[in-house]
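Here's the letter readout for the chains.
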Amino acid sequence: MMEGFQMKAGIEGKEKRMEAVLLSETEIKRGSMAEEDPNGNEHGAAACTSRAPRWGPQHAGARQLAELYSPGKRLQEWISVILCLSLVTINFIFLLINFSTVYIYKIIIGTIAGIVTADFASGLVHWGADTWGSVDIPVIGKAFIRPFREHHIDPTAITRHDFIETNGDNCMIPLLPLAHMAYTFMSHSSESIAESYPWECFVFALSVFVLMTNQIHKWSHMYFGLPLWVTVLQDLHIILPRKHHRVHHVSPHETYFCITTGWLNYPLHCVGFWRRMEDLIERLTGNKPRSDDLKWAQKSE
């Protein structure tokens, strides 16, 4: 009897974990916020006719979080963007100059591995900032956790951010790898560069997709005005598609964290990767996942 009960419990648990993935498009629309706000960013007729309460720029928590964006933060973003784009340009030129077909298969594998690694890294950072920590943590709270809290109660705020605010933090992340890559090209021999070229392709692809992650994320929340090439890449699932990302925005935002390509979302969900990580951390620390996220969502003044 006990064995039967355990088997039933296991089946029910598995069904619950699969629930978010198996939601229909109608259920996803009902459970998430319509992509609508004062800038007219609407998701079809459903956004116009919905009578469900919708949060957005008018939400008390969203207003407070938006006000925490500081001049110092803006300066950090400008510096990060300028340095990162300069290093990307320099390294791209070095890659073109040193390109050879000798290791073409390794180059292809390295490039794809870099993109997949960027997708996993986006999920890990997104999950960590969504699930743990607080805006009240000194320095990193207002600077880096704040945008994640704002995004869940005003999902289309990101569509109103300019290029610097959208990409500043992500441009800071690959600065050291890109700087080391440029140093390698300038200081090593041609033979040494040829041998390490596939690795440099991995680092470059990883860096480019990391710095592009939030821009790709922004595009996944835009339902008008996108260039044709962006919608083609979304439709081919080369970058994060719009409908795919809406699964994450079904409350309580506990799955589909990867926001670069989204390729890893389904397999990570199927093995319960994020749930297992949360269970482990909760057992070790006693902290409840998404408690700070819920606090901001419940603000009314």
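Reading the values: rules and limits
- Residues numbered from 1 in each chain as written.
- Predicted model: local features only at pLDDT ≥ 70, side-chain atom pairs only at ≥ 80, totals over all residues.
- Heavy atoms only, no water.
- Helix = DSSP H or I, 4+ residues; strand = E, 2+ residues; numbered from the N terminus.
- Buried < 20%, exposed > 50% of the residue type's maximum accessible area, 1.4 Å probe, protein only.
- Contact = heavy atoms within 4.5 Å.
- Phe/Tyr/Trp six-rings, centres within 6.5 Å; stacked < 30°, edge-to-face > 60°.
- 1 Å grid on protein atoms, 1.4 Å probe; cavity = no way out; pocket = protein on both sides within 12 Å on 5 of 7 lines; lining within 4 Å.
- Points joined across faces, edges and corners; volume = space filled by probe spheres on them.
- Nonpolar A, V, L, I, M, F, W, Y, C, P; charged D, E, K, R; others polar.
- Salt bridge = Lys/Arg side-chain N within 4 Å of Asp/Glu carboxyl O.
- Disulfide = S-S within 2.5 Å.
- Core = buried A, V, L, I, M, F, W, Y, C linked by side-chain atoms within 4.5 Å.

(A) Structural view of the overall build of the protein. Assigned secondary structure in the protein consists of 15 helices and zero strands. Split into buried and exposed, the 301 residues of the protein put 45% on the buried side. Long-range contacts, defined here as pairs at least 24 residues apart, represent 72% of the contacts in the protein between residues at least 6 apart.

(B) Region of the structure containing the packing of aromatic side chains. Counting across every chain of the model gives ten aromatic pairs. Clustering of aromatic rings is evident, with ring pairs tying together Phe-120, Trp-127, Trp-132, Phe-257, Phe-273 and Trp-274.

(C) Broad picture of the layout of surface pockets. The calculated volume of the largest pocket comes to roughly 850 Å³. Around the largest pocket sit 44 residues that line it, and Val-125, Phe-148, Asp-169, Asn-170 and Ile-173 are the ones nearest its centre. Counting residues per element, the ones that place at least two in the lining of the largest pocket are helix H5 (71–97), helix H6 (104–131), helix H7 (140–153), helix H8 (163–172) and helix H10 (190–219). Across the lining of the largest pocket, the residue classes break down as 23 nonpolar, 13 polar and eight charged.

(D) The arrangement of the pattern of salt bridges in detail. Summed over the entire model, instances satisfying the criterion amount to eight salt bridges. One salt bridge connects Asp-169 with Lys-73, and the closest N-O pair in it is separated by 2.4 Å. Residue Asp-169 is found in helix H8, and its partner Lys-73 is found in helix H5; the two are separated by 96 residues along the sequence. Both residues of the pair, Asp-169 and Lys-73, belong to the buried class. Here the salt bridges do not stand alone but share partners, grouping Glu-254, Glu-278 and Arg-290 into one network.

(E) View of unusual backbone geometry. We note that His-237 has phi near 60°; this positive angle belongs to a residue other than glycine. Structurally, His-237 can be placed in the loop between helix H11 (228–235) and helix H12 (242–246). On the basis of relative accessible area, His-237 is assigned to the partly exposed category, the value being 27%. Of note in the backbone geometry, Arg-290 takes a positive phi value of approximately 65° without being a glycine.

(F) Local environment of the state of the cysteines. Taken as a whole, this structure holds zero disulfides when the rule is applied. Here Cys-171 stays unpaired: no disulfide links it, and the sulfur of Cys-84, its closest cysteine neighbor, is 4.2 Å away.

(G) Quick look at the nonpolar core. Core analysis: the biggest nonpolar cluster contains 21 residues, and Cys-84, Val-88, Leu-95, Leu-178, Met-181, Phe-185 and Phe-204 have the highest contact counts within it. Within the residue set of this core, elements represented by two or more residues are H5, H8, helix H9 (175–187) and H10. Beyond its immediate sequence surroundings of up to four residues, Phe-185 is in contact with Asn-91, Phe-94, Leu-95, Asn-98, Ile-193 and Glu-200. Counting residues in hydrophobic clusters, the runner-up holds eight residues, among them Ile-216, Met-222, Val-230 and Ile-259.

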